[in-house]
Amino acid sequence: MVMLPLLINQTYEQAATRLSGLGLVARRVEPENDCGNQRQLNRVLRQRPEAGELVPLESVVTLVTCPPVIVNINRQVPDLKGLDMAQAKILLRGMDLKLRVGYQSNCTEPFLQNKIVSQHPEPLSTVRRGSLVQVLICRYKP
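Residues numbered from 1 in each chain as written. Predicted model: local features only at pLDDT ≥ 70, side-chain atom pairs only at ≥ 80, totals over all residues. Heavy atoms only, no water.

Q: Just to check I follow, could you spell out the environment of Glu50 for this structure?
A: On the secondary structure map, Glu50 appears in the loop between strand E3 (44–48) and strand E4 (54–55). Overall, Glu50 belongs to the exposed group, its relative accessible area being 53%. Linking Glu50 and Leu6, residues 44 residues apart in sequence, is a C-alpha distance of 7.6 Å. (Helix = DSSP H or I, 4+ residues; strand = E, 2+ residues; numbered from the N terminus. Buried < 20%, exposed > 50% of the residue type's maximum accessible area, 1.4 Å probe, protein only.)

Q: Mind showing me how you'd approach the side chain of Ser59 here?
A: Within the element layout of this structure, Ser59 appears in the loop between E4 and strand E5 (60–65). Those residues in contact with Ser59 that sit more than four places away from it in its chain are Gly23, Leu24 and Val25. (Contact = heavy atoms within 4.5 Å.)

Q: Is there a simple way to explain the nonpolar core in this structure?
A: It is characteristic of soluble globular proteins that their nonpolar side chains tend to be buried jointly. One finds Leu19, Leu24, Leu63, Leu80 and Val133 to be the most contacted residues of the largest nonpolar core, which totals 26 residues. Secondary structure elements with two or more residues in this core: helix H1 (12–21), E5, helix H2 (85–94) and strand E10 (132–140). Considering each element in turn, this core owes the most residues, four residues, to H1. Sequence-distant contacts of Leu63, that is, excluding residues within four places in its chain, are made with Leu7, Tyr12, Ala15, Ala16, Leu19, Ala26, Arg27, Arg28, Val29, Val44, Arg46 and Gln47. (Core = buried A, V, L, I, M, F, W, Y, C linked by side-chain atoms within 4.5 Å.)

Q: Help me out: how do you make sense of the sheet that holds E10 in this one?
A: In any sheet, the strands associate via hydrogen bonds between backbone groups, in a parallel or an antiparallel arrangement. Taken in spatial order, the three strands make up an open sheet running E7-E10-E8, and their pairing is mixed. With one partner strand each, in any of the chains shown, strand E7 (98–107) and strand E8 (116–120) form the two edges of the open sheet. Mean inter-strand twist for the sheet, computed between neighbouring axes without regard to direction, equals 25°. By the bridge criterion, eight bridges tie E7 to E10 in an arrangement that is parallel. Bridge pairing in E10 links Val101 to Val135. This element, H2, spans E7, E8 and E10 of the sheet and lies at about 155° to E7. (Pairing = 2+ DSSP bridges. Axes fitted to C-alpha atoms, helices over the stretch in contact; angles between N-to-C directions.)

Here is the structure:
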């Protein structure tokens, strides 16, 4: 179980990267009301579940975020290690990054089965929006 941190007022990218580091997955949704306040653009307004709640690893955390008006062409690559392919796709799609998957067949740890064990570019690298992130997924062989 993981205790959720407070993510309010962080940018979506900061919050998603922090969640990824905790073994959780961010999902971005836009609020139903007007996002007219410039200070709120691309900032987390609400999160579900809330800060302080305990959630299982790999849980999805919903981040209510107004979309940015100014489009930043750069992205910070999240740490994908330990996630499965579906989680990585969701996270990268929300950041406008693409996923390419390869498989590592000499994996000897059963707990890594179907989990990402390496990636390129490295976590926290800066890349252009739409860039490709390559990962290797473990295929356990006892």
